[in-house]
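Each chain, written out:
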Amino acid sequence: MTVMAADAGPAPQWINSLMDTLGAPGAGLAIALENLFPPLPSEVILPLAGFASSTGQMNLLAALLWTTAGSVAGALALYGVGALLGRERTVAIAARLPLVKVADIEKTEAWFLKHGTKAVFFGRMIPIFRSLISVPAGVERMPLPVFTALTTLGSAIWNTIFVLAGYLLGDNWTEVTTLASAYSKVVLITAAVALLAFATVRLRRSTRARSERTRATDGS
């Protein structure tokens with residue numbers, strides 16, 4: 001795949017080498033690893049696979065099938081982690097974290113039981129979250145056929161968009177990465193702001209509760 005090696009753009013060399021050696025299965029393996037290690041750039045891997053398909057170095061249908069299979073394999077691995085941890089162990093670990101209360105965990109659990117199918121499906125199209133959502137799905141023991149079907153469908157949509165974009169743009173495939181990077185940054189900033197707001201509210205409540213307990217003690 002000498003053309004792909006010359007036009008790998010922002011793709012890390014190991015990803016380029018993996019696709020160069022294995023072709024479409026290499027793209028699928030890279031995506032499976034991306035699910036397990038979210039910082040890896042699926043927004044680079046997928047358009048690069050599409051570009052490779054446009055040059056005839058990789059079959060387009062094979063690229064779509066293998067990358068989706070990789071997404072499902074990575075998600076199932078994380079589902080297994082959640083299933084092995086189980087609810088009690090997960091709650092025990094989370095309860096030790098600062099600013100986290102068991103009541104919050106129970107509310108999150110109730111929310112997931114009600115909206116878990118939507119979260120798994122749409123979560124496949126959100127950076128970082130598409131990996132993490134598999135863990136609570138495993139903890140809550142979402143029926144495996146349902147989880148697999150939702151993951152396959154959501155991943156197929158996400159992967160197809162990026163692979164086809166790389167395929168259609170050809171030599172300009174890196175434009176997809178630029179747009180996806182901006183999208184990822186917006187998502188991550190939004191998540192960071194939400195986390196900061198949660199922490200701020202939790203600290204204020206804790207401070208207020210300590211003040212009320214102190215006043216009650218002094219009054220008695």
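For the structure itself, consult the block above.
Presented here is a report on the structure given in the accompanying data block.

What counts as what
- Residues numbered from 1 in each chain as written.
- Predicted model: local features only at pLDDT ≥ 70, side-chain atom pairs only at ≥ 80, totals over all residues.
- Heavy atoms only, no water.
- Helix = DSSP H or I, 4+ residues; strand = E, 2+ residues; numbered from the N terminus.
- Buried < 20%, exposed > 50% of the residue type's maximum accessible area, 1.4 Å probe, protein only.
- Contact = heavy atoms within 4.5 Å.
- Areas by Shrake-Rupley, 256 points an atom, 1.4 Å probe, with all protein chains shown as cover.
- Arc of directions from axis to C-beta.
- Axes fitted to C-alpha atoms, helices over the stretch in contact; angles between N-to-C directions.
- Nonpolar A, V, L, I, M, F, W, Y, C, P; charged D, E, K, R; others polar.
- 1 Å grid on protein atoms, 1.4 Å probe; cavity = no way out; pocket = protein on both sides within 12 Å on 5 of 7 lines; lining within 4 Å.
- Points joined across faces, edges and corners; volume = space filled by probe spheres on them.
- Core = buried A, V, L, I, M, F, W, Y, C linked by side-chain atoms within 4.5 Å.
- Expected span 1.5 Å × (residues − 1).
- Patch = residues over 30% accessible without salt bridge, like charges linked within 9 Å, V, L, I, M, F, W, Y side chains within 5 Å.
- Salt bridge = Lys/Arg side-chain N within 4 Å of Asp/Glu carboxyl O.
- Phe/Tyr/Trp six-rings, centres within 6.5 Å; stacked < 30°, edge-to-face > 60°.

Further remarks concern the overall build of the protein chain. Regarding its fold elements, the protein chain presents ten helices and zero strands. In sequence order, the protein chain lays out its α and β elements as α-α-α-α-α-α-α-α-α-α. When the 220 residues of the protein chain are sorted by exposure, 39% land in the buried category. Summarising the internal contacts of the protein chain: among those between residues at least 6 apart in sequence, 73% fall at separations of at least 24. If you sum the accessible surface of the protein chain, you get close to 11,900 Å²; carbon and sulfur atoms cover 69% of it.

Let us now look at helix α2 (residues 13-22). Every buried residue belonging to α2 is among I15, N16, L18 and M19, and all of these are buried. The arc that holds every buried residue of α2, seen down its axis, measures 160 degrees, which confines them to one face. More than 90 degrees from the buried face of α2, the exposed residues found are Q13 and T21. G23 sits one or two positions beyond α2 and adopts a positive phi of about 70 degrees.

Running from N to C, α2 and helix α3 (residues 24-36) point in directions that differ by 145 degrees, and their axes come no closer than 6 Å. Contacts between α2 and α3 involve W14, L18, M19 and L22 on the former and, on the latter, A24, P25, G26, A27, L29, A30 and L33. In terms of residue class, the contact of α2 with α3 is built from ten nonpolar, one polar and no charged.

Unoccupied space between atoms shows up once a probe the size of one water molecule is rolled over them. A full pass over the atoms with the stated rule returns one cavity of 30 Å³ or more. Space inside the largest cavity adds up to approximately 60 Å³. In terms of lining, the largest cavity is formed by I31, E34, N35, S42, L46, S71, R124, R130, S155, W158 and N159. Listed by contribution, the elements that provide at least two residues to the lining of the largest cavity are α3, α4 (42-54) and α9 (144-169). In terms of residue class, the lining of the largest cavity is made up of three nonpolar, five polar and three charged.

This part takes up the nonpolar core. Counting 31 residues, the largest nonpolar core has M19, M58, V120, A137, M142 and F147 as its most contacted members. When contributions to this core are tallied by element, the ones reaching two or more residues are α2, α3, α4, α5 (60-95), α6 (102-123) and α9. Per-element accounting of this core gives the leading share, six residues, to α4.

Attention now goes to α4. Taking 1.5 Å of rise per residue, 13 residues should cover 18 Å, and α4 covers 18 Å from first to last C-alpha, within 8% of that figure. Among the 13 residues that make up α4, twelve are buried, leaving the element largely enclosed by the rest of the structure. Looking only at α4, the buried set comprises S42, E43, V44, I45, L46, P47, L48, A49, G50, F51, A52 and S53. Count one or two residues on from α4 and you reach G56, which has phi positive near 85 degrees.

What follows covers the environment of L65. Here L65 lies in helix α5. Looking at L65, the relative accessible area reads 54%, which means it is exposed.

Where nonpolar side chains cluster on the molecular surface, the patch consists of L153, I157 and I161 and spans about 260 Å² of accessible area. Tracing the sequence through the fold places I161 in helix α9.

This model, assessed by the stated rule, comprises three aromatic pairs. Here the aromatic rings of Y79 and F147 are separated by 4.8 Å at their centres, their planes lie at 35 degrees, and the arrangement is tilted. Residue Y79 is located in helix α5, and its partner F147 is located in helix α9; the two are separated by 68 residues in the primary sequence. Ring plane angle 80 degrees and centroid distance 4.8 Å describe the contact between F121 and F122, whose orientation is recorded as edge-to-face. When its relative accessible area of 47% is taken as the criterion, F122 is described as partly exposed.

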